[in-house]
Amino acid sequence: MLTFVVFLLCAASTVSASAKGAAGPRLNNNQLYKFSYTTDVLLDRTRGSKEGSAGYRIHTDVDVSLVWRDPSSKDEQLIQFVISNVRFEHVSPRSEKKNIIHGSTAESLMGKTKLAALTKPFLVHLKNGKVKAFYSYWTEPAVIKNIKRGVASLLQVQLHTGKVIENDVSGRCTVEYKAVKGQVTRTKILDTCRTPETGFTTHIQVLGVSRKSSSVTVFTLEDGFIRSAVAEETHLLVLRARRSTATKVVSKQTFTLVGTEAGPLEAAGKDVTEVVKSIDAKLAAVGIVAEKVKSKCKGCPSLLEHWQSQQKLLEPTSLSKASAPRSFLALIQSIRKASKDEILKVLKSASKTSLPQVVDAVTSSQTTASLDAMLEFLNFTDAKSFVLQERFLYACGFASHPNERMLRALLDISKGKISKIDIKESVVIIMGALVHKLCQKGGCNLPTVVEVKKLILNGPDSTKVESEVQMYLLALKNSLLPEAIPIFTKYAESEVGAYSTIALTALQRYDVSLMTDEVKYTVNRVYHQNRRIYEKNVRAAAADVILSSNPSYMEIKNLLLSIGNLPHEMNKYMLSKIQDILRFQMPASKVIQQAMRDMVSYNYDRFSKVGSSSAFSGFMAQSADVTSTYSLDILYSGSGILRRSNMNIYGASKGATLHGLQVAIEAQGLESLIAATPDEGEEDLESFAGMSALLFDVQLRPVTFFKGYSDLMSKMFSMSGEPMNVVKGLILLTDHSEVIQLQSGLKANAEFQGGLAIDISGGMEISLWYRESKTSVNNRGALVVTGNVTVDMDFMRAGVEVSFETEAALDFITTVQFSEYPFLVCMQMDKATFPVSEYVTKYEGLLSGKSAVSHKSRKQRVPGSEFPLHQENSNMCKKVFGSSW
């Protein structure tokens, strides 16, 4: 029996050793392996094009030979590579006019020094099929060493199936091997690769860029050595909001054994280091992972020269044109390469009218030099530069990838002397937005973030000044800190209507999972006025929170039962809100349908209330990429004067949602103008009208039209009818930058940027003579998005740029005639006809200055329209405007 067991163990060990065999490719001594090597890089749109891709193909011969083998292990080898016979060609067929390589040699393209470096021998230490060291010369250009690394990485192969973590030219990556009968397939999981070069991307998913990558190498083996290796790597970069704005990078490598001949003898030595020194003392282990390549721009204009050529396009009169955001994006690219002194020169040389746009661009660049330049240029003790200070702060709020230093700069500004209260408020409000963005990136515990969190969390209770309390609440609203929910819950029941409104609208922005029972009880108490009387707009905000926070059956039933016992216009508003949720099939619709089966909750008496207030939602645009929706909520006082107007625009793509725009106009205490009786709970309100904007998930400082009776009367007699500006400037919406390390050793630099020139204004007019009021929200904008991918080998360059641009206008006007009750209300939401243009540019260039560029474009006009609202509104508009409607 013992003999039998021993026999089985011996047999098992024999099978195991036999199956394992060689760990990687083994070279024979005294033999030279001659390979043909080709690598391609193709740049194009994702769908490709008839004229072919931009890019290059490199052909070389590669001689591979064994220099040294560890006597104790056949799988530890030192291998020499020699590249020769270098040729270049276009990756796609070119006409003679566009073939910029035709007639050129490798030396004329690369230069004598670079060609000599490429053809200089290099060594690879291979152990068990893995590259342990890569030996070359420190003095060689980085791009040459990287090309060599790309060749060396093709000798790294595992001969049995499994998943491992490897270092190669692409970085430290997880790799899966599948071995089947003389063939090994290597699949590199590129999302796992770690490289020294990191990029950045915008925090807004809807406006971001997605990348899909794959890398597969198929090795054909014979007698334990590589006969061929064929690799293909693909990277697709797609703008989520518009998938036609996309680029593709394809890298291919072919490494084929064409023959063998007698080679050099194996060198003697105890270890690798000793052998390398004996060959060439200047050879050094420089690492197999690709190193950074610094691209030099020959003949490029300085930042000041670039600005002087673009200045006219960034004057205020040009901001509604697509040329403005396109120039804005180009200026950002130049600023990101500039020093602080160069940036200050531009800031000091800009005209008074173009300077605010320069401030937008410099701040949006988000480099150390640009922030230093802005902090030196701006003087927050000078009230005259109010516009520049606010543009700087808003650009910080919209920053695509802010860092702790930017937040620290704002914190230091808030602690210093500030000439205007409005700027002080904006600084604190924007700090809340930066806290949210830094926390999203995992930086919630950074020292400055912790300090600012403490400041804004303690802020509301640290002061009795109403404007300061609002400032801290708005900062917390921007921060979306879970720790702020108890604070908002407390202030939701405040006696000051403004506090309650901010707190309730802030709670609506949180994820439903954070809405605890305590929060829900508080919001329901506010709506149902269990403890005190509240203003209508506060109760309406509370209803919005209830309806958007996964309401229970009883919450909905109580809400329905309240209809009929509310002030006239509040009754109509709540009815319209419920009907809008049902029509638009919002999440709460199923519970509402359940509750409406009860005839006590749902009957004619309750659902036939009249009034002019309304709530309506609709689609602005629907496509496979993004869905855009709008909502309009209007609440009036019983006397017919606007109490609250709220317009929202949302974008949704692949499960991500963006609150693109919210413009809210509020008015109160205006009943005395028409000798009307205020509604319950609003008898002692001070005359006030103002406007608040939330743009791309960032709450901005509210704007006041007038406050107090005397201010109201002076404004009424001086009203020009011109709307008041709320937001005006240039915003960097999409900002994605990354370096894609290709397995061939080349690098693809990808830049996607989206710039928006925006002008949002609002106004309110009241005519006592005609007993008519009119509120307007005017939105003007021009959008440009560009995606640029470039492969720059220093001596050769190829790239593709895809872009689209549009100019649009959206107006929302509400006209109210309150000469009789029920008063007449007409709402109009108009979209003007606007152009959409798409462009594709491919380019190839040489160090000598020769280049070839191809352009393609497609333009269309999207017809204007008036967005549909409910039928009652159409009937009202016919009465207000008569036959002209």
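Residues numbered from 1 in each chain as written. Predicted model: local features only at pLDDT ≥ 70, side-chain atom pairs only at ≥ 80, totals over all residues. Heavy atoms only, no water.

Turning to the nonpolar core, a few remarks are in order. In terms of nonpolar packing, the biggest core is built from 154 residues, with L347, F392, L410 and L695 touching the most fellow members. Take this core: its biggest share by element is 10 residues, from helix α13 (residues 421-440). The residues contacting F392, other than those within four sequence positions of it, are V359, T363, L371, M374, L375, L378, F380, L410 and I413. Of all hydrophobic cores here, the second largest spans 77 residues; its members include I226, L742, M796 and A852. (Core = buried A, V, L, I, M, F, W, Y, C linked by side-chain atoms within 4.5 Å. Buried < 20%, exposed > 50% of the residue type's maximum accessible area, 1.4 Å probe, protein only. Helix = DSSP H or I, 4+ residues; strand = E, 2+ residues; numbered from the N terminus. Contact = heavy atoms within 4.5 Å.)

So, about the pairing of strand β24 (residues 824-831). In terms of residue burial, β24 counts as a mostly covered element, since seven of its eight residues are buried. The sheet contact formed by β24 and strand β27 (residues 865-866) spans two bridges and is antiparallel. Bridge pairing in β27 links D830 to E866. (Pairing = 2+ DSSP bridges.)

Where strand β2 (residues 54-69) and strand β3 (residues 76-90) come together, 12 bridges link them in antiparallel fashion. Looking at the pairing, R57 lines up with E89 of β3. Both β3 and strand β4 (residues 122-127) contribute to a ladder of six bridges, which runs antiparallel. By the bridge assignment, Q80 is partnered in β4 with L123.

Look at helix α6 (residues 303-310) against helix α8 (residues 340-349): their axes get within 9 Å of each other, and the N-to-C directions meet at 30 degrees. The pairing of α6 with α8 is recorded here as roughly parallel in orientation. The handedness of the crossing between α6 and α8 comes out as right-handed. Taking contact as the criterion, the partners of L303, L304 and W307 in α6 are, on α8, E342, I343, K345, V346 and S349. Among the residues forming the contact of α6 with α8, the class breakdown is five nonpolar, one polar and two charged. (Axes fitted to C-alpha atoms, helices over the stretch in contact; angles between N-to-C directions. Parallel < 35°, antiparallel > 145°, perpendicular 65-115°, else oblique. Left-handed = near helix turned anticlockwise from the far one by under 90°. Nonpolar A, V, L, I, M, F, W, Y, C, P; charged D, E, K, R; others polar.)

What the rule picks out here adds up to 43 salt bridges. Between K188 and D168 there is a salt bridge whose closest N-O contact spans 2.5 Å. Here D168 lies in strand β6 (residues 162-168) and K188 lies in strand β8 (residues 183-194), a separation of 20 residues in the sequence. When sorted by exposure, K188 lands in the same class as D168, which is buried. The salt bridge involving K453 is made with E483; its shortest N-O contact spans 3.5 Å. Here E483 lies in the loop between α15 (466-479) and α16 (485-491) and K453 lies in helix α14 (residues 447-458), a separation of 30 residues in the sequence. In this structure K453 comes out as buried when scored by relative accessible area, which is 11%. (Salt bridge = Lys/Arg side-chain N within 4 Å of Asp/Glu carboxyl O.)

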